Amino acid sequence: MHWLIKAAVQNSVALLPDPLSHDVYYAMQRRFGGLRSIEVEDKLRQGIEVAQRANGNGLRVEGARALEVGTGRRLNLPLSLWLQGAASVVTVDLNPYLRPELVHEDLRQIRDERARVEALFGERLDPARLQQLLALADDFDLDRLLQTCGIRYLSPGDAASVDLPPGVIDLHVSYEVFEHIPGPVLESILREGSRLVSDRGLLVHYIDFSDHFSHSDPGIGPINFLRFGEPAYKLLAGNRYMYMNRLRLDDFRALYARAGQRVLEEVSAPDPDTARALADGQPPLAPPFADKPHEIVSTLNAWLVSRPRAAS
Ligand SMILES: C[S@@+](CC[C@H](N)C(=O)[O-])C[C@H]1O[C@@H](n2cnc3c(N)ncnc32)[C@H](O)[C@@H]1O
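For clarity, every value in this text was computed on a predicted model and none was experimentally measured.

(A) Highlighting the side chain of His22. Its place among the elements puts His22 in helix α2 (residues 20-31). Of the residues examined, His22 reaches a relative accessible area of 16% and is grouped as buried. Separated by 3.4 Å, the side chains of His22 and Tyr97 make a polar contact.

Structure follows, in structure tokens:
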């Protein structure tokens, strides 16, 4: 779909009163959008990648107490961590977007594609836990699932202020969430993360810097949205369904430093096609993006593994 049409539809739906607005948006996502067909494997893989990053920085997921920022509609990241042995997972979302019917669908997919799921996790999988999970696929109940898997869903809840005592979390995670949260709020979320993590705790976050409209419109490139200055972009896509902060990797580095985080590992690289197009002046960039080095502007995603500076 042409991104401008999508943006106009999202802007219109965002003007509807709640809960109608959310219901209409969800119905559209199910019928025409990203939730038309769901792929459980992709989301389970996110949890495996988080575990690999944590492990590479000295923290095993087995036995860890995790906190996810930004649950969204499904529970696959918490489930993936639990299947790898996490002791518990708190998942916090400002908006109660979680849809039990999608979680049930994910469970049925895990059941129907069990061999693939087992192969995906390999040695990381706790087979007894998978068995427990599969038992819930036929007789589904969200509360029972949450209880069985040690998952606490806090929503509405703000990751910038979580009702938990200090030091009770070992792994503070999110996947494709930080690009949707305004910078000052992110800073508060990271400070709150510092309060929540234990002495051995880590913050592991994956950020997708690309223009999300390019995921469904092949006619635009991954940094198309950097053509626009802030006022124009706000008019085009400043609604709650497509809010993106457009912060680039250098902004995140500065934000992490301000929030008192020491980055232990940064996994990122400029995208060669985007870097080539930029060298040819495409797309023309609005300020402040025009002043940034091409290697920063053409970096489309990053893993940031950090821990509070005081604890390093
Ligand atoms: C793009 S969704 C990602 C959902 C999920 N991680 C996924 O991959 O499907 C971002 C989520 O972050 C949530 N969010 C935004 N600000 C938040 C905050 N301050 N605290 C907790 N969640 C927040 C939004 O409500 C939204 O559900």
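(B) Spotlight on a nonpolar patch on the surface. There is a patch of nonpolar side chains on the surface, built from Met1, Ile5 and Val9 and spanning about 270 Å² of accessible area. Along the polypeptide, Val9 turns up in helix α1 (residues 3-15). Among the residues examined, Val9 registers a relative accessible area of 31% and is labelled partly exposed.

(C) Highlighting the pairing of strand β4 (residues 169-175). Among the seven residues in β4, seven count as buried, and that is most of the element. Here strand β1 (residues 65-69) pairs with β4 via three bridges, running parallel. Across the sheet, the residue bridging to Leu67 is His172, located in β4. Bridging between β4 and strand β5 (residues 197-208) involves six bridges; their strand directions are parallel. If you follow Ile169 over to β5, its bridge partner there is Val197.

(D) Examining the pattern of salt bridges more closely. Under the criterion given, the structure shown has 26 salt bridges. Of the charged contacts in the structure, one is a salt bridge between Asp126 and Arg129, with a shortest N-O distance of 3.7 Å. A relative accessible area of 26% means that Asp126 is categorised as partly exposed. Of the charged contacts in the structure, one is a salt bridge between Glu192 and Arg195, with a shortest N-O distance of 2.9 Å. With Glu192 and Arg195 both in helix α9 (residues 183-196), this residue pair falls three residues apart, about one helical turn.

(E) The nonpolar core, seen in detail. Core analysis: the largest hydrophobic core is formed by 43 residues, its most contacted members being Leu75, Leu81, Leu133, Leu145, Leu171 and Val204. Examining the composition of this core, we find that six residues originate from one element, helix α3 (residues 40-56), more than from any other. Not counting residues up to four positions away in its chain, the partners in contact with Leu145 are Leu75, Leu79, Val103, Leu107, Leu133, Leu136 and Phe140. Within the second largest apolar cluster, 30 residues are counted, among which are Leu154, Leu203, Phe209 and Ala302.

(F) Summary view of the side chain of His212. Relative to the helices and strands, His212 resides in the loop between β5 and α10 (230-237). Residue His212 is classed as buried on the basis of its relative accessible area of 12%. Here Ser210 takes part through its backbone oxygen, which lies 2.8 Å from a polar atom of the side chain of His212. Residues in contact with His212, not counting those within four places in the same chain, are Glu179, His180, Met242 and Met244.

(G) Local environment of the environment of Glu49. Mapped onto the elements of the fold, Glu49 is located in helix α3. On a C-alpha basis, the gap between Glu49 and Tyr206 in space is 9.5 Å, while along the polypeptide they are 157 residues apart. Beyond its immediate sequence surroundings of up to four residues, Glu49 is in contact with Tyr175 and Trp303. In terms of polar contacts, Glu49 uses its side chain to reach the side chain of Tyr175, at 3.0 Å.

(H) Inspection of the packing of aromatic side chains at higher detail. All told, the structure shown has eight aromatic pairs when counted by the stated rule. Each ring, one from Tyr175 and one from Tyr206, has its centre 4.5 Å from the other, and the planes form 25°; the classification is stacked. Highlighted residues: Tyr175 in strand β4 and Tyr206 in strand β5, separated in sequence by 31 residues. Tyr206 sits in the buried class, given a relative accessible area of 11%.

(I) Main features of the packing of helix α5 (residues 100-112) against helix α7 (residues 127-138). Interaxial distance between α5 and α7 falls to 9 Å at its minimum, and their mutual angle equals 120°. What the angle tells us is that α5 and α7 run oblique. The way α5 lies across α7 gives a crossing that is left-handed. Within the contact between the two elements, α5 uses His104, Leu107, Arg108, Ile110 and Arg111 and α7 uses Leu130, Leu133, Leu134, Leu136, Ala137 and Asp138. Of the residues contributing to the contact of α5 with α7, the split by class is seven nonpolar, one polar and three charged.

About the criteria used
Residues numbered from 1 in each chain as written. Predicted model: local features only at pLDDT ≥ 70, side-chain atom pairs only at ≥ 80, totals over all residues. Heavy atoms only, no water. Helix = DSSP H or I, 4+ residues; strand = E, 2+ residues; numbered from the N terminus. Buried < 20%, exposed > 50% of the residue type's maximum accessible area, 1.4 Å probe, protein only. Polar contact = N/O pair within 3.5 Å; in protein donor to acceptor, adjacent residues only side chain to side chain. Patch = residues over 30% accessible without salt bridge, like charges linked within 9 Å, V, L, I, M, F, W, Y side chains within 5 Å. Areas by Shrake-Rupley, 256 points an atom, 1.4 Å probe, with all protein chains shown as cover. Salt bridge = Lys/Arg side-chain N within 4 Å of Asp/Glu carboxyl O. Pairing = 2+ DSSP bridges. Core = buried A, V, L, I, M, F, W, Y, C linked by side-chain atoms within 4.5 Å. Contact = heavy atoms within 4.5 Å. Phe/Tyr/Trp six-rings, centres within 6.5 Å; stacked < 30°, edge-to-face > 60°. Axes fitted to C-alpha atoms, helices over the stretch in contact; angles between N-to-C directions. Parallel < 35°, antiparallel > 145°, perpendicular 65-115°, else oblique. Left-handed = near helix turned anticlockwise from the far one by under 90°. Nonpolar A, V, L, I, M, F, W, Y, C, P; charged D, E, K, R; others polar.

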